[in-house]
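# Observations on the three-dimensional arrangement
Here are the chains, one letter per residue:
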Amino acid sequence: MLGVARRRLGSGCVLGQLAQALRPAAAAAAPARNYSAAAKEITVREALNTALDEEMSADPSVFLMGEEVGEYQGAYKISKGLLDKYGPDRVLDTPITEAGFTGIGVGAAYHGLRPIVEFMTFNFSMQAIDHIINSAAKSNYMSAGQISVPIVFRGPNGAAAGVGAQHSQCYAAWYAHVPGLKVLTPYSAEDARGLLKAAIRDPDPVVFLENELLYGESFPVSDEVLDSSFCLPIGKAKIERQGKDVTITAFSKMVGYALQAADILAKEGISAEVINLRSIRPLDRAAINASVRKTNRLVTVEEGFPQHGIGAEICMSVVEDSFEYLDAPVERIAGADVPMPYAANLERMAVPQVDDIVRAAKRVCYRAVPMAATA
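These notes cover the structure that comes with them. Note that the structure is predicted; figures quoted are calculated from it, not measured. (Residues numbered from 1 in each chain as written. Predicted model: local features only at pLDDT ≥ 70, side-chain atom pairs only at ≥ 80, totals over all residues. Heavy atoms only, no water.)

## Examining the environment of E331
Looking at the secondary structure, you find E331 in strand β14 (residues 331-333). Separated by 34 residues in the primary sequence, E331 and R297 place their C-alpha atoms 8.7 Å from one another. Apart from the residues within four sequence positions on either side, E331 is in contact with L298, V299, T300, A360, R363 and V364. A distance of 3.0 Å separates polar atoms of two side chains, one belonging to E331 and the other to R363. (Helix = DSSP H or I, 4+ residues; strand = E, 2+ residues; numbered from the N terminus. Contact = heavy atoms within 4.5 Å. Polar contact = N/O pair within 3.5 Å; in protein donor to acceptor, adjacent residues only side chain to side chain.)

So this is what it looks like as structure tokens:
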């Protein structure tokens, strides 16, 4: 990456000086992976790792930077093997200075490189939010389209387990509020591979919100998903499960909860359609409204705070476009409107559970909108 940067920015650039100061000893290049021999079931961690590997191999302007992404191979081992394969010019370990390395990443994107900035947790992105919003999201508009900012901000988002209030916020609604940003929220291994590739290739800044508790989960994948050319479109939701009685929208870890709830509801004769949003900004309003017009009922699920949340936006979209199709009031399932407790029993109460989704779906299915009295 530094070789490209020097040619484009000059040998005295700040990026080069930083990397020289941080440069560890270069390791021998690792052999290329044989993707055709990949297993048909992979973890989200493997999906992210292979997506990074393939995009770095295909495009020399792509590089990764962040805390412990190199020598330690990532706090969650997402970048395992990448330092050995691509060297310290393209896998840069940084100090614990989110504002500093995020600003350097944005500057590199201004000059044609494609940085991937990893936050150890998106809670730490608060230190760099000025660069994400003011330096990255607004630059294309403020420059009348002259400056593109092809950068990805990625890392674990939302609640983990027992890490307290300052490490447990969901930032989907925060960043989805900002024009100029794209916000993606993968659930499965297919989502992780296809959406990360799309984010890296996109000409605009992308906030890529992963979930720590999903990294080790395995999902079946097709040969198409494992192909190096695989890429998912940004802004398109996926119908994870077809249904006719109620629509359940969810993203990230909550998709799994929604699918579990749908299994329980099916045993009681309720057919739930589960929508994996995948993309929060842009939001696939067409898919959501089409589903609601079929099922006539809506339950939204998210682990973020309820006020000004993703569920609130979805409900308003349905009210605006499909109100006459609703047979019951919409239901929003969200995290408790409190900072995340540390105690395990209180933490569980603060985050939506499968039973919460089941109860909400039953409420909308058994509670019809009263018809107007006839003369």
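## Describing the packing of aromatic side chains
Across all of its chains, the model carries 8 aromatic pairs by this definition. Centre to centre, the rings of F119 and F153 are 6.4 Å apart; their planes meet at 15°, and the pair counts as stacked. Of this pair, F119 sits in the loop between β4 (114-118) and α6 (129-137) while F153 sits in strand β5 (residues 152-156); the two residues are 34 residues apart in sequence, bridging distant segments of the chain. Each member of the pair F119 and F153 is classed as buried. Ring geometry for Y187 and F219: centres 5.1 Å apart, planes at 75°, overall edge-to-face. Here F219 lies in strand β8 (residues 218-220) and Y187 lies in the loop between β6 (182-184) and α9 (189-201), a separation of 32 residues in the sequence. For the pair shown, Y187 and F219 are each scored as buried. (Phe/Tyr/Trp six-rings, centres within 6.5 Å; stacked < 30°, edge-to-face > 60°. Buried < 20%, exposed > 50% of the residue type's maximum accessible area, 1.4 Å probe, protein only.)

## Focus on the sheet that holds strand β2 (residues 62-66)
The strand order across the open sheet built from 7 strands is β3-β2-β4-β5-β7-β6-β12, with neighbouring strands paired in mixed fashion. Unpaired on one side and paired on the other, β3 (91-93) and β12 (279-281) mark the two borders of the sheet. Pairs of neighbouring strands in the sheet enclose a mean axial angle of 20°, with direction left out of account. The sheet contacts of helix α3 (residues 44-58) involve β2, β3, β4 and β7 (206-210), and relative to β2 the element is tilted by about 130°. Of the strands in this sheet, β2, β4, β5, β6 and β7 touch α9, which is tilted by about 160° from β7. (Pairing = 2+ DSSP bridges. Axes fitted to C-alpha atoms, helices over the stretch in contact; angles between N-to-C directions.)

## Overview of the pairing of β2
Within a regular beta strand, the side chains point alternately toward one face of the sheet and then the other, so they alternate between its two faces. Counting buried residues along β2, 5 of its 5 residues qualify, which places the element largely inside the surrounding structure. Both faces of β2 are covered, namely the face carrying V62, L64 and G66 and the face carrying F63 and M65. Bridging between β2 and β3 involves 3 bridges; their strand directions are parallel. Paired with L64 across the bridge in β3 is V91.

## Examining the sheet that holds strand β10 (residues 246-250)
One open sheet holds the 5 strands; their spatial order is β9-β11-β10-β13-β14, and the pairing between them is mixed. Each end of this open sheet is capped by a strand with a single partner; those strands are β9 (238-241) and β14. Each strand of the sheet is rotated relative to its neighbour by a mean of 25°, with strand direction disregarded. In this structure, β10 lies alongside strand β11 (residues 272-276), joined through 5 bridges in parallel fashion. From the neighbouring strand, T249 faces β11, where its bridge partner is I275. Lying over the sheet, helix α12 (residues 285-295) contacts β10, β11 and β13 (298-301), oriented at roughly 175° with respect to β11. In the packing of helix α13 (residues 310-322) onto the sheet, contacts are made with β10, β13 and β14, and the angle to β13 comes to roughly 155°.

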